[in-house]
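What follows is the residue order along each chain.
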Amino acid sequence: MRVSGPSISESSVRGHHTRSDQEQTELNVDFVRQQFPIFSHQDTPLAFFDNAGGTFVPQQVIEATSEFLSLYKVQPYSSNDASQGATTRLEGAIGRMADFINAKHSEVVLGNSTTMNLSMLAQSLRPHFHEGDEIILTEQEHQSNVTFWQRLAEETGAKVVTWPIDGESGQLSLEVFSEQCLSEKTKLCCVTHSSNIVGTVNPIKTIAEKVHAVGGWILVDGVSYAPHHCVDVQALGVDFYVLSLYKIFSTHLGLLYVKESLHNLLENQNLTPLPSAYGCAPQGGQQQNNAMTCAPNYLRIALNPGMTNPELAASMLGMCEYFLLLYQHHFPQEVAIPLSELSSEAFRHRVERVFTLIERYETELSKKFLAYIKDSTLNSMGLRLIGLSITDSSRRSPTFSFRLPERWNGKVLVAQLAEHNIGVSFGSFYAWDCLQALGLPSEGAVLRVSFSHYNHMSDIERLIEALEVYASEQLETA
Ligand SMILES: Cc1ncc(COP(=O)(O)O)c(C=O)c1O
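Small disclaimer: the values here were computed from a predicted structure and weren't measured.

### Examining the overall build of the protein chain
Alright, step 1. A tally of regular secondary structure across the protein chain gives 18 helices and 13 strands.
Alright, step 2. Taking 478 residues into account, the globule formula puts the C-alpha radius of gyration at 23 Å, and the protein chain, at 23 Å, falls close to it.
Alright, step 3. Along the three orthogonal principal directions, the C-alpha set of the protein chain runs to about 70 × 55 × 40 Å.
Alright, step 4. For the protein chain, buried positions account for 46% of its 478 residues.
Alright, step 5. For the protein chain, long-range pairs separated by at least 24 residues make up 73% of all intrachain contacts whose partners lie at least 6 apart in sequence.

Written out as structure tokens, the structure reads:
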């Protein structure tokens, strides 16, 4: 059940602004920060750069979760008022998250995490993999997009084909893909939209076309991409897409998208009688969008044992409210329409425009940071960016990983920055294949600085100053 009212006209969807309005509008970061309680919590606000690990949430998310826990914390899909409220919020959240990535309500699962979703998906596809089939895995993947596919290959006799990265730049080459990886045997290609170490935006649409041309499926890990850019699964033409909502200003859930035409292929991972009990077994059962009947469809039952945590799902409505508030604040000439009355298209349009502001703002943060690194003593001491030194948001996400100069101690550096209330992180970030291919020890050797649109320019200045202090201490003790 979509939480929506009457559909609104095209002019309300698209608004009255021109392209140049959009180009002139800049993200008001002070307004953004007012929505996040963390930034008014301490005298020296946190300068947080571990956003690729997980973001803070705005007040709207806290309120939506609190409202659910206060009023609707019972089993959904029953007929009492509280349960109906729970159903409306759970289904409303799933519908809105579908809009968020331009999917249908029936194509989205909210599971515990991306890792859990991928595990379920791999198991559910097992009957379709056989000896002779090939699964392409890139060396940019987080391990959660590796392990379950390797296991699937071991269990079925399928073969894993590695799409290697360039050992220096960390980049994936389309030429290498076409000439060394892709073949008529390709059954599945797993590729990250933007790696949590390298940051480059991979050309997913092109890869999807190539994979489909040989009859394979494509699965995209959007976990590092989706907090910074608007995802459009239809425009990308992908079969499966995953992202983690706790990295997009929300609570700890993972979103799995499965193209509708593939639902019947998935083997049930839930309790045996469940799909039939809900009247949606794949053979002969209903496969349509069950939003209308207020019950989950086959995809959501089959791939989500235990079903979605409803209070966490409800928090997604808070995240959507937050995006809507940003839209209304930055485009005040628009008539403010409540979330519950926006059509899918109108909501989606607002999300797209807010992401345009976010991309532009994060590009400015990245420019400042990279310009500093390039000319700094850190660079002359040997701090090296992994991946491309570019800021264009169509080519890079603002997640920057560095090789440390010799004798620097990443853990000490991170602890020292934490004393100044600056959050960065050091480790492997579960991208073990990537680190290994880059010639780095897989137990962890990367300093990662990842931005969010709530970072202030002054946060970057504080980070730069603190890095300078550490660097000069290293020079003194050298
Ligand atoms: C790129 C990437 N993919 C997948 C994951 C796994 O996500 P989850 O923690 O939701 O299982 C992460 C987590 O950090 C990630 O960064």
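There's more to say after this.
### Observations concerning the sheet that holds strand β13 (residues 446-450)
Alright, step 1. Taking strand neighbours across the sheet as the criterion, the four strands line up as β9-β10-β13-β12 in an open arrangement whose pairing is antiparallel. Here the strands that pair on one side only, and so sit at the sheet edges, are β9 (384-385) and β12 (425-427).
Alright, step 2. Of the pairings in the sheet, the one linking β12 to β13 comprises three bridges and is antiparallel in character. Within β13, the position partnered with Ser425 by the bridge is Arg448.
Alright, step 3. Sheet strands in contact with helix α16 (residues 410-419) are β12 and β13, and its direction is about 165° off that of β12.

### What to know about the UniProt feature "domain: Aminotransferase class V" (unreviewed entry) in the protein chain
Alright, step 1. Mapped onto this structure's residue numbering, the UniProt feature "domain: Aminotransferase class V" (unreviewed entry) falls at residues 48-266 and 353-463.
Alright, step 2. Between the first and last C-alpha atoms of residues 48-266 the distance is 40 Å; the span itself is 35% helix and 17% strand.

### Focus: helix α5 (residues 81-100)
Alright, step 1. If you check α5, its first and last C-alpha atoms are 28 Å apart, about what 20 residues at 1.5 Å a residue would give, namely 28 Å.
Alright, step 2. Counting buried residues in α5 gives 14 out of 20 residues, a clear majority hidden from the surface.
Alright, step 3. Immediately beyond the C-terminal end of α5, within one or two residues, lies Asn102, with a positive phi of roughly 60°.

### Some thoughts on the pairing of β13
Alright, step 1. A large share of β13 lies buried, amounting to five of its five residues.
Alright, step 2. Side chains Val446, Arg448 and Ser450 project from β13 onto one buried face, and the interleaved Leu447 and Val449 project onto a second face that is buried too.
Alright, step 3. Of the pairings in the sheet, the one linking strand β10 (residues 399-403) to β13 comprises five bridges and is antiparallel in character. Among the inter-strand pairings, Ser401 is bridged to a residue of β13, identified as Arg448.

### Let's talk about the environment of Asp43
Alright, step 1. When you line up the elements, Asp43 lands in the loop between α3 (29-34) and β1 (47-48).
Alright, step 2. Look at Asp43 and you get exposed, because 5 C-beta atoms sit within 10 Å.
Alright, step 3. For the pair Asp43 and Val351, spaced 308 residues apart in sequence, the C-alpha separation works out to 33 Å.

### Considering the site of the ligand
Alright, step 1. The full set of residues close to the ligand is Ser113, Thr114, Thr115, His142, Ser144, Thr192, Asn196, Asp221, Val223, Ser224, Ser244 and Gly254.
Alright, step 2. The residue inventory of the shell around the ligand, partitioned by class, reads one nonpolar, 10 polar and one charged.

### Regarding unusual backbone geometry
Alright, step 1. Unusually for a residue other than glycine, Arg407 sits at a positive phi of about 75°.
Alright, step 2. In this fold, Arg407 is placed in the loop between β10 and α16.
Alright, step 3. Residue Arg407 is classed as exposed on the basis of its 10 C-beta neighbours within 10 Å.
Alright, step 4. The phi dihedral of Phe429 falls on the positive side, at around 55°, and the residue is not glycine.
Alright, step 5. Positionally, Phe429 belongs in the loop between β12 and α17 (432-437).

### Examining the packing of helix α13 (residues 310-330) against helix α14 (residues 344-375)
Alright, step 1. Contact geometry of α13 with α14 gives a least axis separation of 9 Å together with a crossing angle of 70°. Considering the angle they form, α13 stands roughly perpendicular to α14. Contacts between α13 and α14 pair Phe323, Leu324, Leu326, Tyr327 and His330 from the former with Arg350, Val351, Arg353, Val354 and Leu357 from the latter.
Alright, step 2. For the contact of α13 with α14, the residue count by class is seven nonpolar, one polar and two charged.

### With respect to the confidence of the model for the protein chain
Alright, step 1. In the predicted model, the protein chain carries a mean pLDDT of 92, and 92% of its residues have values of at least 70.
Alright, step 2. Here residues 1-15 is a poorly scored stretch, pLDDT under 50, and it has 36 contacts once near neighbours within four places are set aside; other chains count.
Alright, step 3. Below pLDDT 50 for its whole length, residues 284-292 participates in 26 contacts with residues either more than four positions away or in separate chains.

### Some thoughts on the sheet that holds strand β5 (residues 186-192)
Alright, step 1. As summarised here, the arrangement of the seven strands in space is β2-β8-β7-β6-β5-β3-β4, forming an open sheet in which the pairing is mixed. The strands lining the two open edges of the sheet, one partner per strand, are β2 (108-111) and β4 (159-163). Neighbour-to-neighbour, the strand axes of the sheet open up by a mean angle of 20°, direction not taken into account.
Alright, step 2. Pairing geometry for β2 and strand β8 (residues 254-258), over four bridges, is antiparallel. Bridge pairing in β8 places Val109 opposite Leu256.
Alright, step 3. In this fold α5 packs onto β2 and β8, with an angle of close to 115° to the strand it touches most, β2.

Conventions we followed
Residues numbered from 1 in each chain as written. Predicted model: local features only at pLDDT ≥ 70, side-chain atom pairs only at ≥ 80, totals over all residues. Helix = DSSP H or I, 4+ residues; strand = E, 2+ residues; numbered from the N terminus. Rg over C-alpha atoms; globule rule 2.2 N^0.38 Å. Buried ≥ 20, exposed ≤ 12 C-beta atoms within 10 Å, placed from the backbone. Contact = placed C-beta atoms within 7 Å. Pairing = 2+ DSSP bridges. Axes fitted to C-alpha atoms, helices over the stretch in contact; angles between N-to-C directions. UniProt positions renumbered as here; feature names shortened; annotations may be inferred. Expected span 1.5 Å × (residues − 1). Near = placed C-beta within 6 Å. Nonpolar A, V, L, I, M, F, W, Y, C, P; charged D, E, K, R; others polar. Parallel < 35°, antiparallel > 145°, perpendicular 65-115°, else oblique. pLDDT = per-residue confidence, 0-100.

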